[in-house]
Amino acid sequence: PATRLRPDYKAQAKLEAARTLYDQAAALRPEDPAPLVAMARIDQGAGNVASARGLYERALEFTRGDTEKQELLRELGGLAIAAQDWDAARTFYDRLARGDRNSIYLRTELARALMVADQPDRAISEYERVLQGLRGDNRVLAPVLKELGQAQLDAGRTADAIATLD
């Protein structure tokens, strides 16, 4: 048994050393998001979600590119969902959608993430919230209604799903 654990101890020691180096890099370049993101990923992998979330939020402050900001907002939203912090999750995903208000994909991303997290009732509420903002824009209603209907089926609301898809 001791020989089986040894690689785990070795890997843990390397992660701690890497974390220390990234911490030093962050101190030398406090406005560089890269070491903050690296530390956040190490902390997230170690199960230290609160620390990871704080580091991702700090990194977001210094991130310039839209793609990088979207990636960090998704990470933060995922951490909030995992922690069942629904208000924070909505805040992060709303910020993500603000980047491109015309993208129905971004506007419904929280609902899909909630479905993946096995939260169909919350996903239904989110799809309904998105639909309220789409009234009058029939071009994009069909895919959202289809996803809403699937969420209703997954939640066991068959009658609601039939009404949605009818």
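Below you will find a few notes about this structure. (Residues numbered from 1 in each chain as written. Predicted model: local features only at pLDDT ≥ 70, side-chain atom pairs only at ≥ 80, totals over all residues. Heavy atoms only, no water.)

Examining the layout of surface pockets
By rolling a water-sized probe across the atoms, one finds the places where empty space is left.
Phase 1 of the analysis: Each pocket or cavity is described by its volume, and for the largest pocket that value is around 190 Å³.
Phase 2 of the analysis: Sort the elements by how many residues they give to the lining of the largest pocket and helix α4 (residues 66-82) lands first, with 4 residues.
Phase 3 of the analysis: Considering only residue class, the lining of the largest pocket consists of 3 nonpolar, 2 polar and 4 charged. (1 Å grid on protein atoms, 1.4 Å probe; cavity = no way out; pocket = protein on both sides within 12 Å on 5 of 7 lines; lining within 4 Å. Points joined across faces, edges and corners; volume = space filled by probe spheres on them. Helix = DSSP H or I, 4+ residues; strand = E, 2+ residues; numbered from the N terminus. Nonpolar A, V, L, I, M, F, W, Y, C, P; charged D, E, K, R; others polar.)

A closer look at the nonpolar core
Phase 1 of the analysis: Core analysis: the biggest nonpolar cluster contains 38 residues, and Y56, I81, Y127 and L134 have the highest contact counts within it.
Phase 2 of the analysis: At the level of elements, α2 (33-45), α3 (49-62), α4, α5 (86-98), α7 (109-116), α8 (120-134) and α9 (141-154) are the ones that each hand at least two residues to this core.
Phase 3 of the analysis: Those residues in contact with I81, other than ones at most four positions away along the chain, are W86, A89, Y93, L110, A113, L114 and A117. (Core = buried A, V, L, I, M, F, W, Y, C linked by side-chain atoms within 4.5 Å. Buried < 20%, exposed > 50% of the residue type's maximum accessible area, 1.4 Å probe, protein only. Contact = heavy atoms within 4.5 Å.)

Description of the pattern of salt bridges
Phase 1 of the analysis: Taken as a whole, this structure holds 11 salt bridges when the rule is applied.
Phase 2 of the analysis: When the shortest N-O distance is used, the salt bridge between E126 and R90 registers 2.8 Å. Residue E126 is found in helix α8, and its partner R90 is found in helix α5; the two are separated by 36 residues along the sequence.
Phase 3 of the analysis: Two residues, R129 and D94, come together in a salt bridge whose shortest N-O distance is 2.7 Å. In this pair, R129 sits in helix α8 while D94 sits in helix α5, placing the two residues 35 residues apart along the sequence.
Phase 4 of the analysis: The partly exposed category is assigned to R129, whose relative accessible area is 34%.
Phase 5 of the analysis: Look at the salt bridges and you will find they share partners, linking R90, D94, E126 and R129 into a network. (Salt bridge = Lys/Arg side-chain N within 4 Å of Asp/Glu carboxyl O.)

A look at α5
Phase 1 of the analysis: Between its first and last C-alpha, α5 extends 18 Å over 13 residues, near the 18 Å set by a 1.5 Å rise per residue.
Phase 2 of the analysis: Buried within α5 are the following residues: A88, A89, F92, Y93, L96 and A97.
Phase 3 of the analysis: The elements touched by buried residues of α5 are α3, α4, α6 (104-107) and α7. (Expected span 1.5 Å × (residues − 1).)

With respect to the environment of V140
Phase 1 of the analysis: Counting through the fold element by element, V140 comes out in the loop between α8 and α9.
Phase 2 of the analysis: The buried category is assigned to V140, whose relative accessible area is 17%.
Phase 3 of the analysis: A C-alpha to C-alpha distance of 14 Å links V140 and E128, two positions 12 residues apart in sequence.
Phase 4 of the analysis: Every residue in contact with V140, bar those within four places of it in the chain, is listed here: I104 and L134.

Observations concerning the packing of aromatic side chains
Phase 1 of the analysis: With the rule as written, the count across this model stands at 0 aromatic pairs.
Phase 2 of the analysis: The ring of Y105 carries R112 above its face, with NZ or CZ at 4.0 Å from the centroid. (Phe/Tyr/Trp six-rings, centres within 6.5 Å; stacked < 30°, edge-to-face > 60°. Lys NZ or Arg CZ within 6 Å of the ring centre and 35° of its normal.)

Notes on the side chain of Q152
Phase 1 of the analysis: Turning to its location among the elements, Q152 is positioned in helix α9.
Phase 2 of the analysis: At a separation of 2.7 Å, a polar atom in the side chain of Q152 contacts the side chain of T164. (Polar contact = N/O pair within 3.5 Å; in protein donor to acceptor, adjacent residues only side chain to side chain.)

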